[in-house]
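# Analysis of the macromolecular model
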Amino acid sequence: MTEKFDVVDIIRAKRNKDKLSLDEINWTIDAYTRGVVGDEQMAALAMAIFLNGMDREEIAQWTQAMINSGERMDFKSLGKPTADKHSTGGVGDKITLPLAPLVSVYGVAVPQLSGRGLGHTGGTLDKLEAIPGWRADLTNEEIMHQLGKGCGAVVCAAGSGLAPADKKLYALRDVTATVDCIPLIASSIMSKKIAEGTDSLVLDVKVGSGAFMKDIDMARELARTMVDLGQDAGLITTALLTDMSTPLGMKVGNAPEIEESVEVLAGGGPADVVELTLALAREMLTAAGQPDADIEEALKDGRAMDKWRAMIREQDGDPDAPLPVAKHTHDVLAEEDGTLTKLDALAVGVASWRLGAGRASKGEAVQLAAGIELFKKPGDTVKKGEKLMTFHTDEEGRIPRALESLEGGIVIGGEYTARESVVLDRIS
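To start, this report covers the structure provided alongside it. (Residues numbered from 1 in each chain as written. Predicted model: local features only at pLDDT ≥ 70, side-chain atom pairs only at ≥ 80, totals over all residues. Heavy atoms only, no water.)

## Thoughts on the pattern of salt bridges
Applying the stated criterion to the full structure yields 34 salt bridges. Here Arg220 makes a salt bridge to Asp425, at a shortest N to O gap of 2.9 Å. Here Arg220, found in helix α10 (residues 216-232), pairs with Asp425, found in strand β13 (residues 423-427); they are 205 residues apart in sequence, far enough to count as distant. In this structure, Glu263 engages Lys251 in a salt bridge whose closest nitrogen and oxygen atoms are separated by 3.4 Å. (Salt bridge = Lys/Arg side-chain N within 4 Å of Asp/Glu carboxyl O. Helix = DSSP H or I, 4+ residues; strand = E, 2+ residues; numbered from the N terminus.)

## Some words on the pairing of strand β4 (residues 200-207)
By the criterion of burial, β4 is predominantly enclosed, with 8 of the 8 residues buried. Of the two faces of β4, the one holding Ser200, Val202, Asp204 and Lys206 and the one holding Leu201, Leu203, Val205 and Val207 are both buried throughout. Between the parallel elements β4 and strand β5 (residues 236-243), the chain passes through α10 in a crossover that is right-handed. (Buried < 20%, exposed > 50% of the residue type's maximum accessible area, 1.4 Å probe, protein only. Right-handed = clockwise from strand over helix to strand, strands pointing away.)

## Comments concerning helix α8 (residues 164-174)
Within the span of α8, buried status applies to Ala165, Asp166, Leu169, Leu172 and Arg173. For α8, the angular spread of buried residues about the axis comes to 130°, placing them on one side. Contacts made by the buried residues of α8 are with α2 (22-34), α3 (39-52), α4 (56-68) and α9 (182-196). (Arc of directions from axis to C-beta. Contact = heavy atoms within 4.5 Å.)

## What about the nonpolar core?
Membership of the largest hydrophobic core comes to 72 residues, with the highest contact counts inside it found for Leu128, Trp308, Ile372, Met389 and Phe391. In terms of residue count, helix α12 (residues 271-287) provides more of this core than any other element does, 9 residues in total. Taken together, domain 2 (83-170 + 178-315) and domain 3 (328-412) each give at least three residues to this core, which thus spans both. If near-sequence neighbours (up to four positions away) are discounted, Leu128 is found in contact with Leu97, Trp134, Val155, Ile258, Trp308 and Ile312. (Core = buried A, V, L, I, M, F, W, Y, C linked by side-chain atoms within 4.5 Å. Domains from an automatic or database assignment.)

## A word on the sheet that holds strand β12 (residues 410-412)
Read from one edge to the other, the open sheet built from 3 strands follows the order β10-β8-β12, with strand pairing classed as antiparallel. Every interior strand has two partners, whereas the edge strands, β10 (381-382) and β12, have only one. Strand direction decides the pairing type here: strand β8 (residues 338-343) and β12, joined by 3 bridges, are antiparallel. If you follow Lys342 over to β12, its bridge partner there is Val411. (Pairing = 2+ DSSP bridges.)

## Describing the side chain of Gln315
Considering the arrangement of structural elements, one finds Gln315 in the loop between α14 (303-314) and β7 (328-333). Here Gln146 takes part through its side chain, which lies 2.8 Å from a polar atom of the side chain of Gln315. Beyond its immediate sequence surroundings of up to four residues, Gln315 is in contact with Gly133, Trp134, Arg135, Leu138, Gln146, Val154, Val155 and Cys156. (Polar contact = N/O pair within 3.5 Å; in protein donor to acceptor, adjacent residues only side chain to side chain.)

## Topic: the pairing of strand β2 (residues 110-114)
Within β2, 5 of the 5 residues are buried, leaving the element largely enclosed by the surrounding structure. Taking every second residue as pointing to the same face, both faces of β2 are buried, with Val110, Gln112 and Ser114 on one and Pro111 and Leu113 on the other. In this structure, β2 lies alongside strand β3 (residues 153-157), joined through 5 bridges in parallel fashion. Along β3, the bridge assignment pairs Pro111 with Val154.

And the structure:
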């Protein structure tokens, strides 16, 4: 078969800051999926895109080409609205866990196709696998049954058929320093979400040390790009920019975050986790035509908890089974009296990862009980010798490296300005 284009010409064009045509982009993604374009060539093109960018039309076509590389799901046969949420990833970001069952209380189907953690940001599927028996891999038929006749919410692994070009390209970006590139992040996320076939999507774009986007202007640009891509594809799309300078909640890791999610579903939990869960639920329910739903009441009266328990059972998990407990713990103590003015999200995330809660490479096993329990947050008064946090790990030898990652991440004393809200901005 004679190929329509020569990939070297396409790399050269983007290297020279030229705009790629619709046909060039379609051929590139298709040829890469077929193996005609090699990894080394796609790596060169990804770096050219990283350095020279893409305009809105190019990003939209790149996204569409990745959607076209695989199958599309269709939830119209459910006969009810569907709403999804995607977070760009952070530390202690367990929001999917209470959010999916809460939104499903109101007759909205929530297909939450999630991923695993890599590096310092945790993966929703890794957290849920701390529940004995729980199963991440479902067939399309099982997903449809759970959303339709079942509890109405599903958190599971995305099938291999959705945007396969993105799976290849994501793995390549991870090893070529081209992850934090707005055209490539936006098209990666939105190709999967549009192919998933949901009616509406709420994006939680994290900003701060523990997020991919450290700068609010960059986060705003990413959010705007993704919202435009969604709306152009006929998907009701909004985005919240949310603070990830300090960890979300008081527990970071796998089993520890399940514990905290259940606290929220029981009507309790940390204020920041509850605030963000409610803010995202309101966005999802407004998009699904229910702006006046009394979501606070559903957390208090047990309806959201009932949905959670059903959701876990339908994926063969036991919601009443004890969660795994780590073999070793280590307390981190305050070194002086004063006000805790900084608890850096990245430092805590890396510490949790080094304790075994995350993975350094794809396919590596994680420790289900590993993580960190926090006892103080910025603004709290502390006394010398008081417990700031406790490490949990199955391997005691991991503790020294985890402690190293906290250096400079904890500050007691100096100026502290309380944040008004975990939500910094809204893009629609």
